[in-house]
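Results of the structural survey
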Amino acid sequence: MFDALSDRLERIAGRLRSRGRLSEADLDDALVEIRTALLEADVELGVVRGFTDAVRSQCTGEELSKSLTPGQQVIKVVHEELVRILGGETLKLTYASRPPTVVLLAGLQGSGKTTTSAKLAQWWKQQGRNPLLVGADLQRPAAVEQLRILGAQAGVSVFSEPTDPVSVAQAGVNEARRLGRDVCIIDTAGRLAIDAELMEEVRRVSEVTQPHYTFLVVDAMTGQDAVATAKAFHQTLELDGVIVTKLDGDARGGAALSVKEVVGRPIVFASTGEKLADFDLFHPDRMADRILGMGDVLSLIEQAERTMDHDAVTKSATRMMEGRFTLEDFLEQLQQVRKLGSLGGIMKLLPGMSKEMRQAADQIDDGEISRVEAIVRSMTPTERDDPSLIDGSRRVRIAHGSGTSTQDVNQLLKQFREMQKMMKGMVAGGAMTPGGGPMGKLGALRGAKKSLGALGAVGGGDGEDMAPGLAELFGGTGGPPKPVAASTAAARATSPGSPKGGLTGKKKKKGGRVTPPKGR
Amino acid sequence: MTALLIIVVGVLVVALAVALIVRTRGRGSPPQAPAASPIAEPPTAPPKEPAAPGTSTTPPGIDAAAPAGLRDRLAKTRGVFSALRAGRSRGAIVAGTFDELEEALLRSDVGVATTDALLADLRRRVAAKDIVGPDQLLDALRADLVDLLEIEQRWDAATDVELARSDPNAPSRDDELVEPVGRALCVVDEPGVTNVWLFVGVNGVGKTTTIGKLARQQAAAGRSVLLAAGDTFRAAAAEQLAMWAERSGAEIVRGAEGADPSAIVFDAVQRASARGNDLVLADTAGRLHTKVNLVEELKKIRRVADRPPGKVTEVLLVLDATTGQNGLVQAKEFADAVAVTGVVLTKLDGTAKGGVVVAIQRDLGLPVKLVGLGEGPDDLVVFDPVEFVDALLG
């Protein structure tokens, strides 16, 4: 629904290109796009202003790197700045010399405090600690009940009593001490920052329990109001850190940036799912990618790892690289990819997808996959291995078998041939040559830039080689050739748009690939 | 289409395969992947909006209007319009006036696209001398926003998609929550028909609490209400709803944790039909609109609820006022999946303005029907565009 910043900058990049350095006017254009992108990502307006100012001062007059387009250069600065703000100093969790270490969770209603409490408890348990959960949310019906159930799932006992929040918290800490627990996590009721009475209550809870860590729980979907809330809680409670929840949705999560900037306390944990295990330390670089809308590749890959059959994928990938990609492999891949969810949804997670490509992805009817599957399944194994066997009468048979028409079968075969060609082109393009070479190369890349970079390298390296194939592909079916060209261009241009350390070096390495690959 | 599909699959396969390989190879280096330890499916969902028991000061029953309450609670003036006021003394629109309006809109989560569109129109009118002076400008913006939020209002008929989101069954609008057009909640008064209102939304927006409040109001209005505890996922969600049922004297149908929510809704409709309940309020588990399987589950719940004698007369999207631009995405996805008929904007008693509903109405034609203003059982009132806009602009 919203354009990624990388796409926005790409659009104005044409004007920025081929100049020695960023002019003031270029930068103005770029900053307008950055501002819009950040606002659409729910970064607070004041924070956005400060941010664009910082980017301006960093970009002004900066020598343009030869290997980056000006658009990419700006993205690089933005990304670095985002990581700098989101990362900053990290919270080193230490434990009280006299246990228990008391942890207090506070936040608005529905931000996810109760669930987060249980997740934290489980996390600490995995760290070899022995936590106790204290249910001090006596306000919402059945909140303590919920905590008890979650506690049971995490294997952590829960303490609560129906008195008042302050005494429960106090009694909870005493109980933790009595039981010899080393961590005591206090879940409080959700409250609005402007509710003076309830804010006073949580202040008293904090006063009597003297928590070692006070965390604000913030919903990743929060809009501009995140700042007001965070400020108020920080004034009342002296926060030590922030926990961002519901990061498994598609919200860009700009609230995290706002809160970090305003409160000046680190974001410690990220909660990314409904299961207790979906909880981990916060990764600033991933959040930066996300705010920029560069596609949450790491999450996609993790999802892929969880759901896809690793051996099957590796096998077909190897075959693909060796140029022996058959319809059988295609079918298998199709099923693997399908496990990840709707194709359109997955496409959106990939970086370097142009807007046109995204829109096209939106239009993909997943029912279409079933048809393609049906056609392939109507072929004999021999035919799948060698589609050139398929003559007129076989076509008719396949069409009958799959309930489609011979045109459909023809089209599929044609597309498949094109895809095979494309893959060969990619292999020849140098991103993946048969044998161990590419792995080493990609592995090395990963060292510098992690998978995102590697992915980008695939898209980027093949931009030139892929375009003709794709254009043909679309030309053949009367489809719009422009979006594809644009998309590959974008893929090439934005792929290094995750500028982390070692970017320039990598780009230089790639410089050798400008000449057309021999394989084609 | 097929061409596109194959390309997409091709690109995906390549990308994922390479990524997987790279990651496997790179396992030697410090693992970045979160601890995906094989914990056995502990179903959890962030808690929903809490509610204070019996803190109501307003009389029970339906406060169709409650205008004073809304205004009082929303009136937290921001006082940002200094340039506007400065210009007022000179009777001119000064530089910075538009900036201030823009700031007010953006800070209220109205969103960049909607804000730009609104202000572009105003700029045009100022240039054409249709608007003179800062007071007129502010009034014009106010009027535009209110217009935008009126039911059936279309921002731009040429660009907007078909907005016919009203209930396909065209039910009569004879509810007590009377409001000019279409703000009312639909109830069909036909023998042999059990009305079902379905509540959907992401985690922690206040679905269960909204149902609790609405159950009480509807019961006070003389309807016999049955609650369906369709949130079988979050721990203790059914208990939470049961407490509300107790408060409102409504019946409740619930199942075991982890039970099929569709089955519970089905049972609820059967029971309501047999006992002659007027209305079933069906709770659902909070779900992110990005989770394909959960959205499919929701579609099924709707299908089952719509099977005679049941009839889904409202599908209400519950939206937290603190939600930012993602609210628009949520509304679109839920509307596509289960044909949402209206929005309930909760937690508007805080500092958040909930301006994203302006974008939702503009882009999707989904009206806000109810507003949640607090934790008391009667803090749920009919949405009033004028008051909402007043609060939005401070």
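Residues numbered from 1 in each chain as written. Chains lettered and ligands numbered in written order. Predicted model: local features only at pLDDT ≥ 70, side-chain atom pairs only at ≥ 80, totals over all residues. Heavy atoms only, no water.

**Considering the overall build of chain A**
- Helix and strand counts for chain A come out as 23 helices and eight strands.
- Summarising the internal contacts of chain A: among those between residues at least 6 apart in sequence, 75% fall at separations of at least 24. (Helix = DSSP H or I, 4+ residues; strand = E, 2+ residues; numbered from the N terminus. Contact = heavy atoms within 4.5 Å.)

**So, the overall build of chain B**
- For chain B, the helix and strand inventory stands at 13 helices and eight strands.
- In chain B, which comprises 394 residues, the proportion classed as buried is 60%.
- Sequence separation of at least 24 residues holds for 76% of the intrachain contacts in chain B that already meet a minimum separation of 6.
- By element, 52% of the accessible surface of chain B is carried by carbon and sulfur atoms, the whole surface being about 13700 Å². (Buried < 20%, exposed > 50% of the residue type's maximum accessible area, 1.4 Å probe, protein only. Areas by Shrake-Rupley, 256 points an atom, 1.4 Å probe, with all protein chains shown as cover.)

**Topic: the pattern of salt bridges**
- This model, assessed by the stated rule, comprises 36 salt bridges over all chains.
- Put simply, D248 of chain A and K291 of chain B hold a salt bridge, and the shortest N to O gap is 2.6 Å. Note that D248 of chain A is positioned in the loop between β6 (241-245) and α10 (254-263) and K291 of chain B in the loop between β4 (279-282) and α10 (292-305), a pairing that runs across two chains.
- Under the relative-accessibility criterion, K291 of chain B is labelled partly exposed at 21%.
- Notably, a salt bridge pairs D390 of chain B with R142 of chain B, separated by 3.3 Å at the nearest N-O pair. Of this pair, D390 of chain B sits in helix α13 (residues 385-393) while R142 of chain B sits in helix α6 (residues 134-149), placing them 248 residues apart in sequence.
- The class of D390 of chain B is partly exposed, set by a relative accessible area of 26%.
- For R142 of chain B, a relative accessible area of 24% puts it in the partly exposed group.
- Connected via shared salt-bridge partners are E44 and R49 of chain A together with E103 and R107 of chain B. (Salt bridge = Lys/Arg side-chain N within 4 Å of Asp/Glu carboxyl O.)

**A short note on helix α7 (residues 165-179) of chain A**
Residue and element names in this part refer to chain A.
- Over its 15 residues, α7 extends 21 Å from the first C-alpha to the last, a length consistent with the 21 Å expected when each residue adds 1.5 Å.
- Looking at α7, one finds that the buried residues are P165, V166, V168, A169, A171, G172, V173, E175 and A176.
- Residues of α7 that are buried sit in contact with β1 (101-107), β2 (131-136), β3 (158-159), β4 (183-188) and α8 (196-209).
- One or two residues past the end of α7 sits G180, with phi positive at roughly 75°. (Expected span 1.5 Å × (residues − 1).)

**Re the packing of helix α5 (residues 112-127) of chain B against α6 of chain B**
Residues and elements named next belong to chain B.
- At a closest axis distance of 11 Å, the pairing of α5 and α6 adopts a crossing angle of 135°. When the axes of α5 and α6 are compared, the pair comes out oblique. The two elements α5 and α6 meet at a crossing, and its hand is right-handed. Contact residues: T114, L118, D121, L122, R125 and V126 in α5; L137, A140, L141, D144, L145 and L148 in α6.
- Split into classes, the residues belonging to the contact of α5 with α6 amount to eight nonpolar, one polar and three charged. (Axes fitted to C-alpha atoms, helices over the stretch in contact; angles between N-to-C directions. Parallel < 35°, antiparallel > 145°, perpendicular 65-115°, else oblique. Left-handed = near helix turned anticlockwise from the far one by under 90°. Nonpolar A, V, L, I, M, F, W, Y, C, P; charged D, E, K, R; others polar.)

**What about the packing of aromatic side chains?**
Residue and element names in this part refer to chain A.
- Tallied over the full model, the rule gives seven aromatic pairs over all chains.
- Ring centres of W123 and F269 lie 4.8 Å apart, and the angle between their planes is 75°; this geometry places the pair in the edge-to-face category. Here the residue W123 occupies a position in helix α5 (residues 113-126), and F269 occupies one in strand β7 (residues 267-271), the gap between them amounting to 146 residues. This pair shows no difference in class: W123 is buried, exactly as F269 is.
- With centroids separated by 6.0 Å and ring planes inclined at 10°, the aromatic side chains of Y213 and F215 adopt a geometry described as stacked. In this structure, Y213 and F215 share a single accessibility class: buried. (Phe/Tyr/Trp six-rings, centres within 6.5 Å; stacked < 30°, edge-to-face > 60°.)

**What about the sheet that holds β7 of chain A?**
Residue and element names in this part refer to chain A.
- An order of β3-β2-β4-β1-β5-β6-β7-β8 is seen for the eight strands of this open sheet, with the pairing classed as mixed. The two strands at the open ends of the sheet, each matched to only one other strand, are β3 and β8 (279-281).
- Note: β7 against β8, three bridges, orientation antiparallel. What sits directly across from F269, in β8, is L281.
- Relative to β2, helix α6 (residues 143-154) is tilted by about 165°, and along the sheet it contacts β2, β3 and β4.
- The sheet contacts of α7 involve β1, β2, β3 and β4, and relative to β2 the element is tilted by about 165°. (Pairing = 2+ DSSP bridges.)

**Let's talk about the confidence of the model for chain B**
Residues and elements named next belong to chain B.
- Summing up the model confidence of chain B, the mean pLDDT is 76 and the portion of residues at 70 or higher is 69%.
- When pLDDT is averaged over each element of chain B, strand β1 (residues 194-200) comes out on top at 95 and helix α2 (residues 67-74) at the bottom at 46.
- This stretch, residues 20-71, has a pLDDT under 50; its non-local contacts, to residues over four places away or in other chains, come to 148 contacts.
- Quick note on the complex model: pTM equals 0.69, ipTM equals 0.73. (pLDDT = per-residue confidence, 0-100.)

**So, the side chain of K260 of chain A**
- Within the fold, K260 of chain A resides in helix α10.
- In this structure, K260 of chain A is in contact with I85, L86, G87, G88, E89, R265, P266 and I267 of chain A, ignoring residues within four places of it in sequence.

**A word on helix α4 (residues 97-107) of chain B**
Residue and element names in this part refer to chain B.
- Counting buried positions along α4 gives nine out of 11 residues, so the element sits mostly inside the fold.
- Among the residues of α4, T97, F98, E100, L101, E102, E103, A104, L105 and L106 are the ones counted as buried.
- Positive backbone phi, approximately 70°, marks D109, located one or two places after α4.

**Structural notes on the side chain of D283 of chain B**
Residues and elements named next belong to chain B.
- Within the secondary structure, D283 is located in the loop between β4 and α10.
- By relative accessible area, D283 is classed as buried at 1%.
- For D283, the side chain forms a polar contact with the side chain of T208, separated by 2.9 Å.
- Ignoring anything within four residues of it in the chain, the contact list for D283 reads F199, K207, T208, I211, A228, A229, G230, D231 and L241. (Polar contact = N/O pair within 3.5 Å; in protein donor to acceptor, adjacent residues only side chain to side chain.)

**What to know about the pairing of β6 of chain A**
All names here are of chain A.
- In terms of burial, β6 is largely enclosed, as five of its five residues are buried.
- Residues G241, I243 and T245 line one face of β6 and the alternating positions V242 and V244 line the opposite face, and both faces are buried.
- Bridge count for strand β5 (residues 213-219) against β6 is five bridges, and the pairing is parallel. Bridged to F215 within β6 is G241.

**Some remarks on the packing of α5 of chain A against α6 of chain A**
All names here are of chain A.
- Viewed as axis vectors pointing N to C, α5 and α6 meet at an angle of 25°, and their least axial separation amounts to 9 Å. Looking at the two axes, α5 sits roughly parallel to α6. Remark: the crossing between α5 and α6 carries right-handed chirality. Here T114, T115, S117, A118, Q122 and K125 of α5 come into contact with α6, specifically with A143, Q146, L147, L150 and A154.
- Residue composition of the contact of α5 with α6, grouped by class: five nonpolar, five polar and one charged.

**Looking at the sheet that holds β4 of chain B**
All names here are of chain B.
- Pairing within the open sheet is mixed, and its eight strands lie in the order β3-β2-β4-β1-β5-β6-β7-β8. The sheet is open, and its two edges are formed by β3 (251-253) and β8 (380-382), each paired on a single side. In this sheet, neighbouring strand axes are inclined to one another by 25° on average, regardless of whether the strands run parallel or antiparallel.
- Relative to strand β7 (residues 368-372), strand β6 (residues 342-346) runs parallel, the two being bridged by three bridges. By the bridge assignment, V343 is partnered in β7 with V368.
- Contacts between helix α11 (residues 326-338) and the sheet are confined to β1 and β5 (310-320), with β5 contributing the most and set at about 170° to the helix.

**Description of the confidence of the model for chain A**
Residue and element names in this part refer to chain A.
- The predicted model of chain A averages 74 in pLDDT, with 67% of residues at 70 or higher.
- Per-element averaging of pLDDT across chain A places helix α21 (residues 437-477) at the bottom with 32 and β4 at the top with 95.
- The model gives residues 430-520 a pLDDT under 50, and that stretch makes 148 contacts with residues more than four places away or in other chains.

**Some remarks on the environment of A317 of chain A**
- Note on placement: A317 of chain A falls in helix α13 (residues 310-321).
- As for A317 of chain A and Q333 of chain A, which are separated by 16 residues in sequence, their C-alpha atoms are 9.2 Å apart.

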